[in-house]
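Now for the letters of each chain:
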Number of protein chains: 4
Amino acid sequence: MCRLLLYKGKQPILLAHLLTNPAHSIINQSFDSRLRIDHRRPLNGDGFGVGWYDSEDQDKTHKPCIFTSVTPAWSNSNLVRLAEKIKSPLLFAHVRASTSGAVTEANCHPWNYGRIMWMHNGGIAQFEKIKRKLQNALPEELFLWVEGSTDSEWAFALFLSFLDNPSADTFDHQELKAAMLKTIAQLNEWAEEANITEPSLLNFAVTDGESVICVRYISSNTLEAASLYFSSGTRFECYRPGHYRMVKADRREDMVVVASEPLTFEEADWLTIPTNTVMVITPKLNVLLQPIKDQFYAVERGLEVKVGEDVARIPEPHAQMMAHHISQLTSPTRS
Amino acid sequence: MCRLLLYKGKQPILLAHLLTNPAHSIINQSFDSRLRIDHRRPLNGDGFGVGWYDSEDQDKTHKPCIFTSVTPAWSNSNLVRLAEKIKSPLLFAHVRASTSGAVTEANCHPWNYGRIMWMHNGGIAQFEKIKRKLQNALPEELFLWVEGSTDSEWAFALFLSFLDNPSADTFDHQELKAAMLKTIAQLNEWAEEANITEPSLLNFAVTDGESVICVRYISSNTLEAASLYFSSGTRFECYRPGHYRMVKADRREDMVVVASEPLTFEEADWLTIPTNTVMVITPKLNVLLQPIKDQFYAVERGLEVKVGEDVARIPEPHAQMMAHHISQLTSPTRS
Amino acid sequence: MCRLLLYKGKQPILLAHLLTNPAHSIINQSFDSRLRIDHRRPLNGDGFGVGWYDSEDQDKTHKPCIFTSVTPAWSNSNLVRLAEKIKSPLLFAHVRASTSGAVTEANCHPWNYGRIMWMHNGGIAQFEKIKRKLQNALPEELFLWVEGSTDSEWAFALFLSFLDNPSADTFDHQELKAAMLKTIAQLNEWAEEANITEPSLLNFAVTDGESVICVRYISSNTLEAASLYFSSGTRFECYRPGHYRMVKADRREDMVVVASEPLTFEEADWLTIPTNTVMVITPKLNVLLQPIKDQFYAVERGLEVKVGEDVARIPEPHAQMMAHHISQLTSPTRS
Amino acid sequence: MCRLLLYKGKQPILLAHLLTNPAHSIINQSFDSRLRIDHRRPLNGDGFGVGWYDSEDQDKTHKPCIFTSVTPAWSNSNLVRLAEKIKSPLLFAHVRASTSGAVTEANCHPWNYGRIMWMHNGGIAQFEKIKRKLQNALPEELFLWVEGSTDSEWAFALFLSFLDNPSADTFDHQELKAAMLKTIAQLNEWAEEANITEPSLLNFAVTDGESVICVRYISSNTLEAASLYFSSGTRFECYRPGHYRMVKADRREDMVVVASEPLTFEEADWLTIPTNTVMVITPKLNVLLQPIKDQFYAVERGLEVKVGEDVARIPEPHAQMMAHHISQLTSPTRS
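Counting from 1, residues in each chain are numbered in the order their sequence is written. Labels are handed out in written order, letters beginning with A for the chains and numbers beginning with 1 for the ligands. With pLDDT at 70 or above as the cut-off, local features in this predicted model cover only qualifying residues; side-chain atom pairs require 80 or more to be listed or tallied, and sums for whole chains, interfaces and linings still use all residues. Side-chain calculation: all heavy atoms of the structure are included, whereas hydrogens and water are not.

Concerning the overall build of chain A
Line of reasoning, step 1. In this text, helices come from DSSP runs of H or I with a minimum length of four residues, and strands from runs of E with a minimum of two, each type numbered from the N-terminal end. Within chain A, the secondary structure is distributed over 8 helices and 15 strands.
Line of reasoning, step 2. Accessibility here uses a 1.4 Å probe with only protein chains present; expressed as a share of the type maximum, an area under 20% marks a residue as buried, one over 50% as exposed, and anything in between as partly exposed. Going through the 335 residues of chain A one by one, you find that 63% of them count as buried.
Line of reasoning, step 3. In chain A, of all internal contacts separated by at least 6 residues, the share reaching a separation of at least 24 is 71%.
Line of reasoning, step 4. Accessible areas in this description were obtained via Shrake-Rupley with a 1.4 Å probe; residue shielding takes into account the shown protein chains only. Surface exposure of chain A reaches about 12,400 Å², of which carbon and sulfur atoms provide 50%. In this description, contact between two residues means that some pair of their heavy atoms is separated by no more than 4.5 Å.

Take a look at the structure:
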């Protein structure tokens, strides 16, 4: 099982504050992970990747820069040095524990197609049974574009095929969200046709450099999806070496962080994204959480919240705060 | 353009004698190559691979052991050390200059499927135009088996699809040869359907651990295929550090070496395999060279012979010797 | 903290039986380790190495072949493939969690100097305080020979400096043992001169291809050294996929395995090498265990035995069996 | 023989314009080099490195960011992607063909010590004969700081030992130049003591993020040093894909490029730095070229100028222009 992290903020953040400094950063998670579903493969040492957009982007290409490596993230001195220099207002990061696909750079998340960037935490169940259908459903350009051999990259190609023009200069976040939901629906349909009953874990994240869409999803009515949390606030503050907290000054929401596991030890910083939910972060940083009401929707499942291993059950006030918080976040937005 | 080498002998040979010791070994060729067609990419530093069969094979799996690396062959200390220890009676080696497919281990030749091993020097012209057809022509098992993204590996899958049972325990060299010729014919057919006129360079080699089939082929009536030479004799002797020669004692043919470029500086050691020829080395080391008489067959082209850059023209006696040699090699065989 | 394994047997063993097949092999230990002292760095993903001697060694060089990699052992497909083919009667293997020295191949254990091979599990405390003294104590040849930057490789150079002729063709195991003890004594002396009170963990193993010397050692009177176990028997048998046991037929001792952690789940297979003990395996497979009676010798510490996390205390009969076993193995000796 | 490149400009430049876009960039030089002295090792595929300072450096650390890799520069997709995003006003780049030291990241140039960055093209003759003296001349801190095994990194440590405080926040370019000349003098003195007559090739470059000092030097009265060129102007312009030229508008000198081989095909863009010359680029971009008048100084050698292989002899006017240019560049400064 992999780990993912994404950041979108009004201000660029130094990559080190997210990737390397926090004691429980995605890099450290890669060898000390507590919240995993899959315990057979106990760490994420099969490569990593980080992709980010420029603060300025003077060239107006709006293409992300992607740095990947098949060596473990924690011993990659290039990553450590780059993270101490590079700032970005929009960042994806991923550490990998290979479930399908060899350990090669072509199989490291995230990938980008023009300005669109994608990563995946989870796995498409029995992907081999639908691989051919998926490939044959793709237009030539996208079929030929895939370089690696993972289910995740093919799912990205499928997503791209649901966009009017994947090479466009601008995208509406509604179109991105719609394509994401179509991707999930299509994968579900093929799984059904192939009589696959094992559930797929589909935590996808995609961005065009402006909006971010991510889903916490499992094709099951009863199981929980792989964990996914988010935090928002005014700034991400280091109060002690390795220890960070999200500061909310004046209730302004200047940054959003989404992660497989909480980056900080402050329980109150993190809210669980409920299973089978799509999250939209608009260019102006409004956040919308919506349940995905398909055949795998289950009312009672959506509200369970877990943060950290010590917290078996989020106390009621917290859950309410979360509900309040979400409504607060999402009520004024047009998305 | 890549470089390939293969050895089949009655006795196992230390890999170093072929791979690392000769001054003009395939490793040294990787940074000092004189006979290439494609001068745009002047060296082969995009990975290498070597595959070999055990002398003994006590486990009777008959599967080759394959060692690949994406770092340049010449600086790979593991390769140097292994080559000084491992002996094999049947060896494939390949250095790569990427023409299609990323530089990843999954894209390094040779590949094996069970006991069958394959490598390719050249390229399928405009492969992207026939990639989908090729994939859809494959049975599920072979379609899913491919890990990398090169034309060469997909061509191997196509070859395997022409075998009765690619997982069989034994193969007849006639079946292997037939599958090889069908592979070329099928690629030509698809190229024609896709209106591809650019010629493909199809120097393929395949073995089941017993027989070896290799072709020097180009889908053109006028151009020469990528170079391919062979040498045969009793032993491969080092007479000075870095300098080897093929010794023929008692006219016995105890070993055959096939290579993109001569391994020795002894002109007489090497015979050109004519363009558009299939070569069969039987389990008992009989060698058969046969022209491939398809739409790209051109009588006059078959006999030109070039060895080394200093030799513009093989003198007549040598060419006759070659013809004699070939007939001598092949006369007693039933193939 | 690293992990090491060594095998010496009358018969060559397929590397896979030790390295890749056992569920708790050194490779799997590298991401699921239970018996470590140092919990700060929870896994061994910073490279690995394996070195082995030929069964036959027709060239009579008696030099080991060493294969190292900076990528994690568990995802190295070359290692997996080589382990399934190569047999050896004498093997060292090591997975590394870097404590000093960058993650480079030059810093991967084991190293060889001619026919002598060395590896180390542990660390020399505050090595930087004695590094210069160590270097200046070396003859020019050994000073210049070191390629990497680890304390372990410099300790090997120091060991070599205590041999009459480190390039000799044969060594007596007494000489090797004496050099090992001098190495430890010298490191202790320099540590004292530099006022280093932090204990060094010095589990060293060395072989000339015939004898093996290894020590479980800590420069402390009270603490335990890093764990080290051994097992001996007639054959190492796989009774279920991933599950092995040491079989002792007719009480013959045809093989000895030494490892940081037990390779099998059979408690009775493994005996602890007591802290501050030197172990000698002679060319004929006699095993000698001797306490190192220097300033860090502590009588009561030597007999504690732990195998596996579930076994807080080896039951009395087992400890007696161990004592018996050792005396039986070592009867001509005292230990 | 390696290749180096450095850029200092009033404006930051996109790394791609120097590293990856030019048809004859340092990356392409790494497999198509025409001006080398050492033809035994015909390419630079043994790793590369690039180090740069931030345009802004909001953290005021003034430490460069360094990216190194042991895979060949030309196939490193991370390098290609980073070069298309990162801008810097001061950049060092290096491709390596190993002459001493293993192919590991620790041996890739450039290195930095705090804000000081260093690289080397060439080699210290018979370095093993002076290595111990050099190490013993270093203060403890610098002795322990070296991670790799190359002569180049040890020469950097020697250079640092000639600075009053290598960890200082600011440096005077006079101090840097003096330390550079002391480094060369000291290496010469040790070479003499060790009776080394083979000449050393000492093209060093160093910067503190403000000034740049580089030398083209050989410890010989008669031979030429490894090539070194420079170009200065207002902007580095791409007039055709892969083709660049240095534009000099209003005679303003807004950037200086120094390189082992010319980056452009415009002969007039490049001036040879004469053998045994020290070049200083001040923080304000004044350029000073001074002969190094030690025992290896030879008047007549200093003026030869070669640019490109087609130009056997720079015509007189050009040489005068160079002299003029240099005086022009350097007259207002004393530096």
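Comments concerning the sheet that holds strand 13 (residues 271-272) of chain C
All names here are of chain C.
Line of reasoning, step 1. Any two strands between which DSSP finds at least two bridges are classified as paired. Strand order in the open sheet made by the 7 strands is 3-2-4-1-12-9-13, with antiparallel pairing throughout. Here the strands that pair on one side only, and so sit at the sheet edges, are strand 3 (65-69) and strand 13.
Line of reasoning, step 2. Summarising the sheet, strand 2 (residues 48-52) and strand 3 pair through 5 bridges and their orientation is antiparallel. From the neighbouring strand, Trp52 faces strand 3, where its bridge partner is Cys65.

Description of the relation of the copies chain C and chain D
Line of reasoning, step 1. Superposition of the copies used a least-squares fit over C-alpha atoms from residues whose pLDDT is at least 70 in both. Turning chain C through 180 degrees and shifting it by 0.0 Å along the axis lays it on chain D, with an RMSD of 0.0 Å. Such a combination of rotation and displacement between the chain copies is what one expects of a two-fold axis. Residue Thr104 of chain C of chain C places its C-alpha closer to the rotation axis than any other residue of that unit, at 2.9 Å.
Line of reasoning, step 2. Interface overlap between copies: 100% of the residues of chain C at the interface are likewise at the interface in chain D, consistent with a symmetric, same-surface contact.

Quick word on the sheet that holds strand 13 (residues 271-272) of chain B
Line of reasoning, step 1. Spatial strand order, 3-2-4-1-12-9-13 (chain B): 7 strands in an open sheet with antiparallel pairing. Of all strands in the sheet, those with a lone pairing partner are strand 3 (65-69) and strand 13 of chain B, marking the two edges.

Details of unusual backbone geometry
Peptide bonds are trans in most cases, and residues, glycine excluded, mostly fall at negative phi.
Line of reasoning, step 1. Following His109 of chain A, the chain continues into Pro110 of chain A via a peptide bond in cis, with omega recorded as -15 degrees.
Line of reasoning, step 2. Along the chain, the position of Pro110 of chain A falls in the loop between strand 4 (87-95) and strand 5 (111-113).
Line of reasoning, step 3. Located in the positive-phi region is Asn195 of chain B, a residue other than glycine, with phi close to 55 degrees.
Line of reasoning, step 4. Its place among the elements puts Asn195 of chain B in the loop between helix 7 (173-193) and strand 7 (201-207).
Line of reasoning, step 5. With a phi angle near 55 degrees, Asn276 of chain B is a residue other than glycine that sits in the positive phi range.

Some remarks on the pattern of salt bridges
Line of reasoning, step 1. Whenever a carboxyl oxygen of Asp or Glu lies within 4 Å of a side-chain nitrogen of Lys or Arg, that contact is scored as a salt bridge. The final tally for this structure, using the stated rule, is 28 salt bridges over all chains.
Line of reasoning, step 2. Notably, a salt bridge pairs Glu237 of chain A with Arg235 of chain A, separated by 2.8 Å at the nearest N-O pair.
Line of reasoning, step 3. Under the relative-accessibility criterion, Arg235 of chain A is labelled partly exposed at 39%.
Line of reasoning, step 4. When the shortest N-O distance is used, the salt bridge between Glu237 of chain B and Arg245 of chain B registers 3.1 Å.
Line of reasoning, step 5. Each of Arg235, Glu237 and Arg245 of chain A takes part in a single network of salt bridges with overlapping partners.

Some points on the interface of chain C and chain D
Line of reasoning, step 1. Contact residues are listed per partner, giving 16 residues for chain C and 17 residues for chain D.
Line of reasoning, step 2. Taking both sides of the interface into account, the surface hidden between chain C and chain D amounts to around 1,500 Å²; carbon and sulfur atoms contribute 44%.
Line of reasoning, step 3. When the buried area of chain C at its contact with chain D is split by residue, Arg132, Phe143 and Glu147 of chain C rank highest and sum to 39% of it.
Line of reasoning, step 4. The interface formed by chain C and chain D includes 2 salt bridges.
Line of reasoning, step 5. N or O atoms within 3.5 Å of each other form a polar contact, as long as, within protein, one can give a hydrogen and the other can take it, and as long as residues adjacent in sequence are counted only when both atoms are side-chain atoms. Taken together, the links from chain C to chain D amount to 9 residue pairs in polar contact (both at pLDDT 80 or more).
Line of reasoning, step 6. Contributions of two or more residues to the side of chain C that touches chain D are made by helix 4 (131-137) and helix 5 (140-145) of chain C.
Line of reasoning, step 7. Sorting elements by how many residues they give to the side of chain C that touches chain D places helix 4 of chain C first, with 4 residues.
Line of reasoning, step 8. Residue type decides the class: Asp, Glu, Lys and Arg count as charged, Ala, Val, Leu, Ile, Met, Phe, Trp, Tyr, Cys and Pro as nonpolar, and the leftover types, Gly among them, as polar. Grouping the constituent residues of the side of chain C that touches chain D by class yields 6 nonpolar, 5 polar and 5 charged. The term buried area refers to how much accessible surface (probe radius 1.4 Å) is lost by two components on association, counted for both of them together.

Considerations on the packing of helix 6 (residues 151-161) of chain B against helix 7 of chain B
Residue and element names in this part refer to chain B.
Line of reasoning, step 1. To get an axis, fit a line to the C-alpha atoms, keeping to the stretch in contact for a helix; angles then go from 0 to 180 degrees between the N-to-C directions. At their nearest, the axes of helix 6 and helix 7 sit 8 Å apart, and the two run at 120 degrees to each other. Relative to helix 7, helix 6 is oriented oblique. The handedness of the crossing between helix 6 and helix 7 is right-handed. Of the residues in helix 7, those touching helix 6 at Ala155, Leu158 and Phe159 are Leu176, Ala179, Met180, Thr183, Gln186, Leu187 and Trp190.
Line of reasoning, step 2. Looking at the contact of helix 6 with helix 7, its residues break down into 8 nonpolar, 2 polar and no charged. Between 65 and 115 degrees an angle is taken as roughly perpendicular, under 35 as roughly parallel, over 145 as roughly antiparallel, and anywhere else as oblique. The hand of a helix crossing depends on one turn: near helix anticlockwise from the far one by less than a right angle means left-handed, and clockwise means right-handed.

Notes on helix 7 (residues 173-193) of chain D
Residue and element names in this part refer to chain D.
Line of reasoning, step 1. The span expected for a helix works out to 1.5 Å for each residue beyond the first. Here helix 7 spans 30 Å end to end across 21 residues, near enough to the 30 Å set by a 1.5 Å rise per residue.
Line of reasoning, step 2. Every buried residue of helix 7 is listed here: His173, Leu176, Lys177, Ala179, Met180, Thr183, Ile184, Gln186, Leu187, Asn188, Trp190 and Ala191.
Line of reasoning, step 3. The N-capping residue of helix 7, defined by a side-chain oxygen 2.7 Å from the backbone nitrogen of Gln174, is Asp172.
Line of reasoning, step 4. The first or second residue beyond helix 7 is Asn195, which carries a positive phi of 55 degrees.

Comments concerning the confidence of the model for chain A
Residues and elements named next belong to chain A.
Line of reasoning, step 1. Values of pLDDT, which run from 0 to 100, indicate the predictor's confidence residue by residue. Per-residue pLDDT for chain A has a mean of 82; in total, 79% of the residues score no lower than 70.
Line of reasoning, step 2. Long-range and interchain partners of residues 31-43, a stretch whose pLDDT sits below 50, account for 40 contacts in this model, where long-range means more than four residues apart.
Line of reasoning, step 3. Below a pLDDT of 50 lies the segment residues 303-335, which in the model reaches 55 contacts outside its immediate sequence neighbourhood of four places, other chains included.
Line of reasoning, step 4. Both scores are available for the predicted complex, with the pTM at 0.85 and the ipTM at 0.81.

Some words on the pairing of strand 8 (residues 212-216) of chain C
All names here are of chain C.
Line of reasoning, step 1. Across the 5 residues of strand 8, 5 count as buried, placing the element largely inside the fold.
Line of reasoning, step 2. By the alternation rule, side chains of strand 8 split into Val212, Cys214 and Arg216 and Ile213 and Val215, which are all buried.
Line of reasoning, step 3. When strand 7 (residues 201-207) meets strand 8, the two strands line up antiparallel, connected through 3 bridges. Among the inter-strand pairings, Ala205 is bridged to a residue of strand 8, identified as Cys214.
Line of reasoning, step 4. Following strand 7, the chain reverses through 4 residues before pairing antiparallel with strand 8; Gly209 in that reversal takes a positive phi of roughly 95 degrees.
Line of reasoning, step 5. Pairing of strand 8 with strand 14 (residues 277-281), which is carried by 5 bridges, proceeds in the antiparallel orientation. Within strand 14, the residue paired with Cys214 across the bridge is Met279.

Re the packing of aromatic side chains
Residues and elements named next belong to chain A.
Line of reasoning, step 1. Only centres within 6.5 Å qualify two rings of Phe, Tyr or Trp (six-membered ring in Trp) as a pair; their planes then separate them into stacked at under 30 degrees, edge-to-face at over 60, and tilted for everything else. Enumeration over the complete set of coordinates arrives at 34 aromatic pairs over all chains.
Line of reasoning, step 2. Between the aromatic rings of Trp118 and Phe159, the centroid separation amounts to 5.2 Å while the plane-to-plane angle is 40 degrees, which identifies the pairing as tilted. Remark: Phe159 occurs in helix 6 (residues 151-161) and Trp118 occurs in strand 6 (residues 116-123); sequence separation between them is 41 residues. In this structure, Trp118 and Phe159 share a single accessibility class: buried.

Some thoughts on the environment of Ser231 of chain B
Residue and element names in this part refer to chain B.
Line of reasoning, step 1. When you line up the elements, Ser231 lands in strand 9 (residues 229-233).
Line of reasoning, step 2. A relative accessible area of 1% places Ser231 in the buried class.
Line of reasoning, step 3. Sequence separation of Ser231 and Val256 is 25 residues, and the distance between their C-alpha atoms is 5.7 Å.
Line of reasoning, step 4. Only 2.7 Å separates the side chain of Ser231 from the backbone oxygen of Asp269, close enough to count as a polar contact.

Things to note about helix 6 of chain A
All names here are of chain A.
Line of reasoning, step 1. Across the 11 residues of helix 6, 10 count as buried, placing the element largely inside the fold.
Line of reasoning, step 2. All buried positions along helix 6 are accounted for by Asp151, Ser152, Glu153, Trp154, Ala155, Phe156, Ala157, Leu158, Phe159 and Leu160.
Line of reasoning, step 3. Tucked inside the fold, the buried residues of helix 6 contact strand 5, strand 6, helix 4 (131-137), helix 5 (140-145), helix 7 (173-193) and strand 7 (201-207).

Some remarks on the pairing of strand 15 (residues 287-291) of chain B
All names here are of chain B.
Line of reasoning, step 1. As paired strands, strand 14 (residues 277-281) and strand 15 are joined by 5 bridges and run antiparallel to one another. Residue pairing in the sheet places Thr277 in a bridge with Pro291 of strand 15.
Line of reasoning, step 2. What sits between strand 14 and strand 15 in their antiparallel hairpin is a turn of 5 residues, with Leu285 showing a positive phi close to 75 degrees.

Some words on the environment of Asn195 of chain C
Line of reasoning, step 1. For Asn195 of chain C, a relative accessible area of 63% gives the class exposed.
Line of reasoning, step 2. For the pair Asn195 of chain C and Asn78 of chain C, spaced 117 residues apart in sequence, the C-alpha to C-alpha distance is 45 Å.

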